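Each chain, written out:
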Amino acid sequence: MSIATVPNLLGLLAFVLNVWGNLELTRKSARGWYVRIVAILFWGAYGLAAASWPNIVNAATFLCINGYGLWKWKREAAQ
């Protein structure tokens, strides 16, 4: 099986975006939230392409957590 399958490419892209987003958050950059949300969408796509329910549930859960984090970050920055 080739590593260049659609699920693998989605997973690798999600991984790269996830690392980038986390690095941005450690720099206290709001951009990190947006990158992480895009990464999570790719994790969800990976889960769907791989027919992996644990990955789909994980992506949905962390999409909610990161959405909340972004909302909280924006609210606190506005104060």
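In this text, all values refer to a predicted model and were calculated from it rather than measured experimentally.

Scoring rules and cut-offs
Residues numbered from 1 in each chain as written. Predicted model: local features only at pLDDT ≥ 70, side-chain atom pairs only at ≥ 80, totals over all residues. Heavy atoms only, no water. Helix = DSSP H or I, 4+ residues; strand = E, 2+ residues; numbered from the N terminus. Buried < 20%, exposed > 50% of the residue type's maximum accessible area, 1.4 Å probe, protein only. Contact = heavy atoms within 4.5 Å. Areas by Shrake-Rupley, 256 points an atom, 1.4 Å probe, with all protein chains shown as cover. Expected span 1.5 Å × (residues − 1). Salt bridge = Lys/Arg side-chain N within 4 Å of Asp/Glu carboxyl O. Polar contact = N/O pair within 3.5 Å; in protein donor to acceptor, adjacent residues only side chain to side chain. Axes fitted to C-alpha atoms, helices over the stretch in contact; angles between N-to-C directions. Parallel < 35°, antiparallel > 145°, perpendicular 65-115°, else oblique. Left-handed = near helix turned anticlockwise from the far one by under 90°. Nonpolar A, V, L, I, M, F, W, Y, C, P; charged D, E, K, R; others polar.

Visitor: Any details on the overall build of the protein? Residues and values, ideally.
Guide: Helix and strand counts for the protein stand at three helices and zero strands. Its helices and strands in sequence order give the protein the pattern α-α-α, from N to C terminus. The principal-axis extent of the C-alpha atoms belonging to the protein is close to 50 × 20 × 10 Å. For the protein, with 79 residues in total, the buried portion stands at 30%. Counting only contacts in the protein whose residues sit at least 6 apart along the sequence, the fraction spanning at least 24 positions is 54%. A total of about 5300 Å² of accessible surface is found on the protein, and carbon and sulfur atoms cover 71% of it.

Visitor: Explain helix α3 (residues 53-77) residue by residue, including any values.
Guide: With 25 residues, α3 extends 36 Å from end C-alpha to end C-alpha; this agrees with the ideal 36 Å at 1.5 Å per step. Within the span of α3, buried status applies to I56, A59, N66, G69 and L70.

Visitor: Tell me about the pattern of salt bridges, and please be specific about residues and values.
Guide: Applying the stated rule across the entire model yields three salt bridges. Put simply, R31 and E24 hold a salt bridge, and the shortest N to O gap is 3.4 Å. Take E24: its relative accessible area is 8%, and that puts it in the buried class. Each of the salt bridges in this network shares a partner with another, and the network as a whole consists of E24, R27 and R31.

Visitor: Got a sec to walk through the side chain of S52? Specific residues and values, please.
Guide: With respect to the helices and strands, the residue S52 is situated in the loop between α2 (31-49) and α3. Using a relative accessible area of 16% as the deciding quantity, one classes S52 as buried. A polar contact of 2.9 Å, which involves the side chain of S52, links it to the side chain of N55.

Visitor: So what's going on with the packing of α2 against α3? Residues and values would help.
Guide: Their axes nearest at 8 Å, the elements α2 and α3 cross at an angle of 165 degrees. With respect to their mutual orientation, α2 and α3 come out roughly antiparallel. Viewed along their axes, α2 and α3 form a crossing whose handedness is left-handed. Mapping the contact onto sequence places W33, Y34, R36, I37, I40, L41, W43, G44, Y46, G47 and L48 in α2 and N55, I56, A59, F62, L63, N66, G67, G69, L70, W73 and K74 in α3. Across the contact of α2 with α3, the residue classes tally to 14 nonpolar, six polar and two charged.

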